[in-house]
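Analysis of the macromolecular model
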Amino acid sequence: MLISGASVAGPALAYWLARYGYRPTVIELAPALRGGGFAVDFRGAAHLAVLERMGVLGKIKRHRTGGSPMAFIDDQGRQLAAMPGEFAGGEVEILRSALSRILYAHSRPTREAASEAPGGTGTPGTTAYLFGNSIRSLTETADGVHVSFEHGAPRTFDLVIGADGLHSAVRRLAFGPEEEFVSHLGYCVAGWDLPPGAAPDLAARPVGYGEPGRLATVGRLPRRADEPDYRGETFCVFASDGLGYDRRDPRSQKEAIVRAYEGAGWRTPELIETVRDADDIYFDAISRVDVPSWSTGRIALLGDAAYGATVGGMGTGSAIVGAYVLAGELAAANGDHRTAFARYEQKLRPYVTRCQEGGRRVGEFLAPPTQEAMDARNAALNDPAALAAMLGQGHEISADITLDDYGHPSSTPPHPTAPTDLTNTNPANPTRPRTDRGQARP
């Protein structure tokens, strides 16, 4: 099996497939695991149960950031409302880069890591990673999916899984152009580290200054206190039609950010000006992914590629749960991808659709469109009962799925040949996946 994407969903799926005796290959456009990035969180029984079954919950907790409380302020710097760390940080918050490293290492376990896994059934050496490469084309044949790459010779895989994010290349190649599946929700988000020229007191405490339709936050967060040259970071949310910038051009993105905050109060002009000297920025539209069917023939989508929401949609937890269900259904169906893909979607779609609704609301919550809406948001945050209700709703939604027990994987390692396909080497499930005929979009 070929898995595109080595951030969260891809390594999680690779781990479970290897546990069930498969030999996945993970391809990643970046030359190495990505560093930096924002924190992600897990909340609710379902997220934590899957992490526990994977054997990584303890390690994730050891790298937890503890959440990031923030005060909403007025133009004089006076506090209007406070957002506790668990509001955005869930039960366990961790930097995305740290999570990616943990999942990568766990999907390629050493003997020690294998013995720490539940049941001691890790399968060392069954996952291969190809960094600095990408998929150029996908063509389905009678025997599998013929894949050509930007670098290297083409290869054929039994199955291909797109776990390559909101802007998935696999989805574009096999399902259609991005605009058919990704809906802009009226806001953009951006973030960057403060450059050396920023005023030292600008990030003295984590605060957020908002006006109708735009919010700018800044702070020096404890989770990064040990990083050399760390001066603080900013995160922005602003109303936007999603036009007027190039997603691949940092200069265009910086100009869009500067325009969005023209005339803002407090120290916002000073804060926004730092983006011009920022070495690396995160920028994207708050969007939602809706794909009518998550699979076509031997190609399927996982995580943000299938059911993403840029911010607030519990995308990281949903990706972890989705990887567990997809791998489990493939094992339960003895590699029959048609049955497995159908069951995966049937069991997971209602759950992730509810989770995605948070992404639709997050822009209006962080940067309400009117002063009246801002006042109502602040009042809710200052009301302990209302705050508890909001936190409880998030936990309820994230836990609203029954996780099947897919049985105990074999402790017999797969055949030690190069990992080129999905051949199931688990002696208990010797059936090779059946073939489909058809062709993906070139």
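Below or above, wherever it landed, is the structure these notes cover. (Residues numbered from 1 in each chain as written. Predicted model: local features only at pLDDT ≥ 70, side-chain atom pairs only at ≥ 80, totals over all residues. Heavy atoms only, no water.)

1. So, the overall build of the protein
Formally: Numbering of helices and strands starts at the N terminus; helices are DSSP runs of H or I of at least 4 residues and strands are runs of E of at least 2. The classification of residues rests on relative accessible area computed with a 1.4 Å probe and restricted to protein chains. Under 20% of the type maximum is buried, over 50% is exposed, and intermediate values are partly exposed. Contacts were defined at the residue level, with two residues in contact if any of their heavy atoms lie within 4.5 Å. Accessible surface area values rest on a Shrake-Rupley calculation with a 1.4 Å probe, where residue burial reflects the displayed protein chains alone.
Helix and strand content of the protein: 14 helices and 18 strands. Going through the 442 residues of the protein one by one, you find that 56% of them count as buried. Pairs at least 24 apart in sequence give 74% of the contacts found in the protein among residues at least 6 apart. Surface accessibility of the protein: about 18,600 Å² in total, with carbon and sulfur atoms responsible for 51%.

2. Quick notes on the sheet that holds strand 8 (residues 135-140)
Selection criterion: Pairing between strands is defined by DSSP: at least two bridges between the two strands are required. Axis definition: a line fitted to C-alpha atoms, limited for helices to the stretch in contact. Angles are taken between N-to-C directions and run from 0 to 180 degrees.
Spatial strand order, 8-9-10: three strands in an open sheet with antiparallel pairing. Lying at the two open borders of the sheet, with one neighbouring strand each, are strand 8 and strand 10 (155-157). The average angle at which neighbouring strand axes cross in this sheet is 30 degrees, direction not considered. When strand 9 (residues 145-149) meets strand 10, the two strands line up antiparallel, connected through three bridges. Looking at strand 10, one finds that Val145 is bridged to Phe157.

3. Thoughts on the packing of aromatic side chains
Between two aromatic rings, the relevant description is the distance of the centres plus the angle of the planes. We count it as follows: Under the pairing criterion, centres of Phe, Tyr and Trp rings, with the six-membered ring standing for Trp, must be within 6.5 Å; the plane angle then separates stacked pairs below 30 degrees from edge-to-face pairs above 60, leaving the rest tilted. When the NZ atom of lysine or the CZ atom of arginine is within 6 Å of a ring's centre and also within 35 degrees of its normal, the charge is said to sit over that ring.
Tallying each qualifying case throughout the model produces 12 aromatic pairs. Measuring from centroid to centroid gives 6.2 Å for Trp16 and Tyr20, while their planes differ by 25 degrees, and the two rings are stacked. An angle of 65 degrees between the planes, with centres 6.0 Å apart, marks the rings of Tyr104 and Phe131 as edge-to-face. Taken together, the residues span a long stretch of sequence, with Tyr104 in helix 5 (residues 96-107) and Phe131 in strand 7 (residues 128-131) at a distance of 27 residues. Accessibility expressed as a relative area gives 21% for Tyr104, which makes it partly exposed. One aromatic cluster is present, built from ring pairs that chain together Tyr15, Trp16, Tyr20, Tyr324 and Tyr406. Cation over ring: Arg377 sits above Phe72, and NZ or CZ is 3.9 Å from the ring centre. In this arrangement the basic side chain of Arg377 is found over the ring face of Phe365, its NZ or CZ atom lying 6.0 Å from the centre.

4. Topic: helix 1 (residues 9-19)
Judged by how many residues are buried, helix 1 sits mostly within the fold: 11 of 11 residues are covered. For helix 1, the full list of buried residues reads Ala9, Gly10, Pro11, Ala12, Leu13, Ala14, Tyr15, Trp16, Leu17, Ala18 and Arg19. Immediately downstream of helix 1, the backbone of Gly21 shows phi near 100 degrees, a positive value.

5. Considering the nonpolar core
Which entries qualify depends on this criterion: By nonpolar core is meant a set of buried Ala, Val, Leu, Ile, Met, Phe, Trp, Tyr and Cys residues that side-chain atoms within 4.5 Å join together.
By size, the foremost hydrophobic cluster in this structure holds 84 residues, and its most contacted members are Leu13, Leu138 and Leu348. Ignoring anything within four residues of it in the chain, the contact list for Leu348 reads Trp294, Tyr307, Val321, Gly322, Val325 and Ile401. The next biggest cluster of nonpolar side chains, apart from the first, holds 26 residues, and it includes Cys188, Ala190, Val207 and Tyr209.

6. Quick look at the environment of Asn382
Under the convention used in this document: Pairing of N or O atoms within 3.5 Å defines a polar contact, subject to two protein rules: one partner must be a possible hydrogen donor and the other a possible acceptor, and residues neighboring in sequence count only if both atoms are side-chain atoms.
Assignment of secondary structure puts Asn382 in the loop between helix 13 (371-381) and helix 14 (384-398). Classification of Asn382 as partly exposed rests on a relative accessible area of 47%. Discounting chain neighbours no more than four positions away, the residues touching Asn382 are Leu80, Ala81 and Ala82. From its side chain, Asn382 meets the backbone oxygen of Leu80 in a polar contact 2.9 Å long.

7. Details of the pairing of strand 16 (residues 281-289)
Summarising burial for strand 16: eight of the nine residues are buried, a large majority. The pairing of strand 12 (residues 182-193) with strand 16 spans eight bridges and is classified as antiparallel. Directly across from Gly191, in strand 16, lies its bridge partner Tyr282.

8. Thoughts on helix 8 (residues 250-260)
Listing the buried residues of helix 8 in full gives Ser252, Gln253, Lys254, Ala256, Ile257 and Val258. Considering only its buried residues, helix 8 is in contact with strand 12, strand 15 (233-239), helix 9 (268-273) and strand 16. Looking at where helix 8 begins, the residue whose side-chain oxygen comes 3.2 Å from the main-chain nitrogen of Arg251 is Asp249.

9. A look at the packing of helix 1 against helix 11 (residues 315-332)
When two helices pack together, their arrangement is given by the angle between their axes and by how far apart the axes lie. Formally: In this scheme, roughly parallel covers angles under 35 degrees and roughly antiparallel covers those over 145, while 65 to 115 is roughly perpendicular and the rest are oblique. By definition, any crossing whose near helix is turned counterclockwise from its far helix by less than a right angle is left-handed, and any crossing with a clockwise turn is right-handed.
Where helix 1 meets helix 11, the axes come as close as 8 Å, and the angle between the chain directions of the two elements is 30 degrees. It follows that helix 1 is roughly parallel to helix 11 by the angle criterion. Relative to helix 11, helix 1 is oriented so that their crossing is right-handed. Across the interface between the two elements, Ala9, Ala12, Leu13, Trp16 and Leu17 of helix 1 pack against Ala319, Ile320, Ala323, Tyr324, Leu326, Ala327 and Leu330 of helix 11.

10. Comments concerning the pattern of salt bridges
Selection criterion: Salt bridges are counted wherever a side-chain nitrogen of Lys or Arg sits within 4 Å of a carboxyl oxygen of Asp or Glu.
Overall, the coordinates contain 15 salt bridges when judged by the stated rule. Between Glu150 and Arg136 there is a salt bridge whose closest N-O contact spans 3.7 Å. A residue pair is termed long-range when its members are at least 10 positions apart, and Glu150 in the loop between strand 9 and strand 10 and Arg136 in strand 8 qualify at 14 residues. Among the residues examined, Glu150 registers a relative accessible area of 37% and is labelled partly exposed. Judged by relative accessible area, Arg136 falls into the partly exposed class, the value being 47%. Of the charged contacts, one joins Lys347 and Glu329 as a salt bridge, the two residues approaching to 2.7 Å between their closest N and O atoms. Of this pair, Lys347 sits in helix 12 (residues 337-366) while Glu329 sits in helix 11, and the two are 18 residues apart along the sequence. A relative accessible area of 35% places Lys347 in the partly exposed class. The exposure class assigned to Glu329 is buried, which follows from its relative accessible area of 2%.

11. Some remarks on the sheet that holds strand 4 (residues 70-73)
In space, the seven strands of this open sheet follow the order 5-4-13-14-15-12-16, with mixed pairing throughout. In this open sheet, the two edge strands, each paired with only one partner strand, are strand 5 (79-83) and strand 16. For this sheet, the mean angle separating the axes of adjacent strands, direction not counted, is 20 degrees. Lying on the sheet, helix 8 is in contact with strand 12, strand 14 (214-219), strand 15 and strand 16; it crosses strand 16 at an angle near 80 degrees. Against the sheet, helix 13 makes contact with strand 4, strand 5 and strand 13 (207-211), and its axis sits at roughly 55 degrees relative to strand 5, the strand it touches most.

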